[in-house]
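Per-entry structural report
Listed below are the residues making up each chain.
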Amino acid sequence: MIELDRAGRSFKVKRALVHAVRDLSFRVEPGEFVGYLGPNGAGKSTTIKMLCGILTPTSGRVRVAGLDPSRRRTTLARRIGVVFGQRTTLWWDLPLKDSFELIRLLYKVDRKVFRERLDELVETLDLAEFLRTPVRQLSLGQRMRGDLTAALLHAPDVLVLDEPTIGLDVISKNSIRAFLLRVNAERGTTVLLTTHDLGDIERLCRRVMVIDHGRLAFDGSLEQLMATSPEETIEEVVTRLYTRAGQ
Amino acid sequence: MVRTYALLAWTWTRAAAAYPVSFALMVVFGFALAAVDVGVILVVFANTTSLAGFTRPEVLFLYGAANIAFSSVDMCVGNIDRISQHIKAGTFDAFLIRPASTWVQTTVDRFTPTRIGRVLQAVIVLGVAMAELDVPWQRVWMVPVMIATAMVIFASLWTLAGALQFVVTDAPEVCNAFTYGGGQLSQYPFSVYGRDLVRGVTYVVPLAFINWQPGLYVLGRDDPFGTPGFLRFAGPLAALLLALLAALAWRQGVRRYRSTGS
């Protein structure tokens, strides 16, 4: 479903070339639920942005659902759902309901199918009471649920989430986690998520990838990750992994 | 593309219609503000019968034709100059994850039909001028052609300016010189300007094809600058070339987009 082959992205910063991601290769099969970890500035967001066609890779090959994201951006957009925890992709000044309607039009979702999906999402994510509120007035938790709904209205095969639980309280976090598990189990949607919340990883991800300095530092199951060092908790294991990778 | 644009524009219009008073005021203000431009032309002609060789209805004709195109493009495409904010804030990301042209999404973003007042005013001016001029019917076909040409030229200029923002995110004002500047420039017959300027806006930035060259044909006049006659009909070709250039530039711009951290 997702395939990176020696993919890289560099930026020119004051004439110096900075490699945000370099020689990154991995595969994610359909139906997997993958956690993508790494310290700040490791290249997580850059990877995500290459996956959805926002950034054009400067080297290597990226394929999502068999498509080159930067060249087949609009075709891919119908098959991928993207959520950025730090920034909404909804229309700031429009009520949530209107944002969803715009999405229906943009993705050309059949009216009846859309109705059913929206009703289901409104119920599971409990959106009913703020559907008419402009996005800018929503609380972070409400906005995140709105963003998740927006990313799923066109029933994508792949769901890519960049820090979807950032800044959320325990209850919101739990409801979003439960929802993601359900989407993955019931629809078989492939999910890739980045996070700094290791609870997300423990609760959700069967597979974990760790990136550092633009390269893959670990790729395996949660159990394998825990076995990499003698420490007890996931915090300690990841701390050790980050420090070791940093040296 | 047209369908997507129309659907998005309609959604934004409905959102704007939630504040009917402000909406109505904007339309009226737009109309009134544009009327000041015409007022200036009329004041000039209260003191003289010809401006650089052109009579009052002729000048109004050139003004009306250019302004129909300018105002409608300003309304429909002009929002593209917000692109520098989208680039700086990284909100351009949101356009890139949607299955629609980034150009359409950028131009229609926060669409408001309030500038329709300006378009309406220009239509009236053109109508009055045409009625006074009595253009022979064999040449009237050029009028819709020149307005369409002018729309493509203005839209292309705006797009080029937008594409430039991907490279220099701090210079939206430079770009306005070409878009709004072009709009202002074509409000008067080009014979009021210097020869070098006119040469520049004929052969470099094809502003002369907005209303000047085709307008000369409609009015049945020779070019006071003595340019060859075929240029009267070269507008659509020039517009097409400029549009291609703009499309290419926009594509390159989007590929250069660097997003922002996290």
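None of these values were measured; they are calculated from a predicted model.

1. Some words on the pairing of strand 8 (residues 207-212) of chain A
Residues and elements named next belong to chain A. The buried count for strand 8 comes to 6 of 6 residues, which makes it a mostly enclosed element. The side-chain alternation of strand 8 yields two buried faces, one formed by R207, M209 and I211 and the other by V208, V210 and D212. The pairing of strand 3 (residues 33-37) with strand 8 spans 4 bridges and is parallel. In the sheet register, V34 faces strand 8, and the bridge partner there is R207. Taken together, the 6 bridges between strand 8 and strand 9 (residues 215-221) define a ladder with antiparallel strand orientation. The residue bridging I211 from the neighbouring strand is L216, located in strand 9. Taking the residues between adjacent antiparallel strands as the criterion, strand 8 and strand 9 are bridged by 2 residues, where H213 takes a positive phi near 50°.

2. Some thoughts on the UniProt feature "domain: ABC transporter" (unreviewed entry) in chain A
Mapped onto this numbering, the UniProt entry gives "domain: ABC transporter" (unreviewed entry) at residues 2-238 of chain A. Between the C-alpha atoms that bound residues 2-238 of chain A the distance is 24 Å, and the span itself is 38% helix and 27% strand.

3. Quick look at the side chain of R143 of chain A
Structurally, R143 of chain A can be placed in helix 5 (residues 140-152). With residues up to four places along the chain from it excluded, the contact list for R143 of chain A reads F84, G85, R87, T88, L90, V135 and L138 of chain A.

4. Quick look at the sheet that holds strand 3 of chain A
Residues and elements named next belong to chain A. Read from one edge to the other, the open sheet built from 6 strands follows the order 5-6-7-3-8-9, with strand pairing classed as mixed. Among the strands making up the open sheet, the edge pair consists of strand 5 (80-84) and strand 9. When the angles between neighbouring strand axes are averaged without regard to direction, this sheet yields 15°. Those strands touched by helix 5 are strand 5 and strand 6 (158-162), and its axis lies near 165° from that of strand 5. Strands strand 3, strand 6 and strand 7 (190-194) of the sheet are contacted by helix 6 (residues 170-187), whose axis makes an angle of about 135° with strand 3.

5. Some remarks on the confidence of the model for chain B
Interpretation of the predicted coordinates at a detailed level should be avoided for regions scoring low in pLDDT. Averaged over all residues, the pLDDT of chain B equals 88, while 98% of them reach at least 70. Across the interfaces of the predicted complex, the ipTM metric reaches 0.85, alongside a pTM of 0.87.

6. Thoughts on helix 9 (residues 142-165) of chain B
For an α-helix the count is 3.6 residues per turn, leaving residues at separations of three or four pointing the same way. Between its first and last C-alpha atoms helix 9 of chain B spans 35 Å; for 24 residues at 1.5 Å apiece the expected length is 34 Å, and the two agree. For helix 9 of chain B, the buried fraction is high: 17 of the 24 residues fall into the buried class.

7. Observations regarding the UniProt feature "transmembrane region" (unreviewed entry) in chain B
Under the feature "transmembrane region" (unreviewed entry), the UniProt entry names residues 27-46, 140-161 and 230-250 of chain B. Helix makes up 95% of residues 140-161 of chain B and strand makes up 0%, while its end C-alpha atoms are separated by 32 Å.

8. A short note on the packing of aromatic side chains
Taken as a whole, this structure holds 16 aromatic pairs over all chains when the rule is applied. Every member of this aromatic cluster is reached through a ring pair, and the members are F92, F95, F166, W250 and Y257 of chain B. Its end group placed over the ring of F114 of chain A, R104 of chain A keeps NZ or CZ at 5.9 Å from the ring centre. In this structure, R221 of chain B is placed above the aromatic ring of F54 of chain B, and the distance from its NZ or CZ to the ring centre is 4.3 Å.

9. Describing the nonpolar core
Formed by 155 residues in total, the largest nonpolar core has its most connected members in I2, F100, L180 and L225 of chain A together with F61, F92 and W250 of chain B. Dropping the residues within four chain positions of it, F100 of chain A is found in contact with L90, F114, L118, L127, L131, G146, T149, A150 and L153 of chain A.

10. Thoughts on the pattern of salt bridges
Going through the model one piece at a time under the given rule, you end up with 26 salt bridges over all chains. The salt bridge involving D219 of chain A is made with R207 of chain A; its shortest N-O contact spans 2.9 Å. Residue D219 of chain A is located in strand 9, and its partner R207 of chain A is located in strand 8; the two are separated by 12 residues in the primary sequence. With its nearest N and O atoms 3.8 Å apart, the salt bridge here joins D196 of chain B to R199 of chain B. Within this pair, D196 of chain B and its partner R199 of chain B are both found in helix 11 (residues 195-203), separated by 3 residues, close to a single helical turn. What emerges from the salt-bridge pattern is a single network uniting E3, R27, E29 and R61 of chain A.

11. A word on the pairing of strand 3 of chain A
Residues and elements named next belong to chain A. Taking burial as the measure, the 5 residues of strand 3 include 5 buried ones, the bulk of the element. Burial along strand 3 is two-sided: F33, G35 and L37 facing one way and V34 and Y36 facing the other are all buried. Bridge count between strand 3 and strand 7: 4 bridges; the pairing is parallel. The partner of F33 across the bridge, within strand 7, is V191.

12. Overview of a negative patch on the surface
A grouping of E202, E232, E235 and E236 of chain A is seen on the molecular surface, where their side chains present a negatively charged patch. Positionally, E232 of chain A belongs in the loop between helix 8 (222-227) and helix 9 (234-246).

13. A few points about the packing of helix 3 (residues 56-76) of chain B against helix 9 of chain B
Residues and elements named next belong to chain B. Two elements in contact, helix 3 and helix 9, have axes whose closest approach is 9 Å; the angle formed by their N-to-C orientations is 45°. Judged by the inter-axis angle, helix 3 sits oblique to helix 9. Crossing geometry of helix 3 relative to helix 9 is assigned as right-handed. Every residue of helix 9 that contacts helix 3 at F61, A65, A66, I68, A69, F70, S72, V73 and D74 is listed here: V143, M146, I147, A150, M151, F154, A155 and W158.

Reading the values: rules and limits
Residues numbered from 1 in each chain as written. Chains lettered and ligands numbered in written order. Predicted model: local features only at pLDDT ≥ 70, side-chain atom pairs only at ≥ 80, totals over all residues. Heavy atoms only, no water. Buried < 20%, exposed > 50% of the residue type's maximum accessible area, 1.4 Å probe, protein only. Helix = DSSP H or I, 4+ residues; strand = E, 2+ residues; numbered from the N terminus. Pairing = 2+ DSSP bridges. UniProt positions renumbered as here; feature names shortened; annotations may be inferred. Contact = heavy atoms within 4.5 Å. Axes fitted to C-alpha atoms, helices over the stretch in contact; angles between N-to-C directions. pLDDT = per-residue confidence, 0-100. Expected span 1.5 Å × (residues − 1). Phe/Tyr/Trp six-rings, centres within 6.5 Å; stacked < 30°, edge-to-face > 60°. Lys NZ or Arg CZ within 6 Å of the ring centre and 35° of its normal. Core = buried A, V, L, I, M, F, W, Y, C linked by side-chain atoms within 4.5 Å. Salt bridge = Lys/Arg side-chain N within 4 Å of Asp/Glu carboxyl O. Patch = residues over 30% accessible without salt bridge, like charges linked within 9 Å, V, L, I, M, F, W, Y side chains within 5 Å. Areas by Shrake-Rupley, 256 points an atom, 1.4 Å probe, with all protein chains shown as cover. Lys, Arg positive; Asp, Glu negative; His and termini not counted. Charge placed at Lys NZ, Arg CZ, Asp CG, Glu CD. Parallel < 35°, antiparallel > 145°, perpendicular 65-115°, else oblique. Left-handed = near helix turned anticlockwise from the far one by under 90°.

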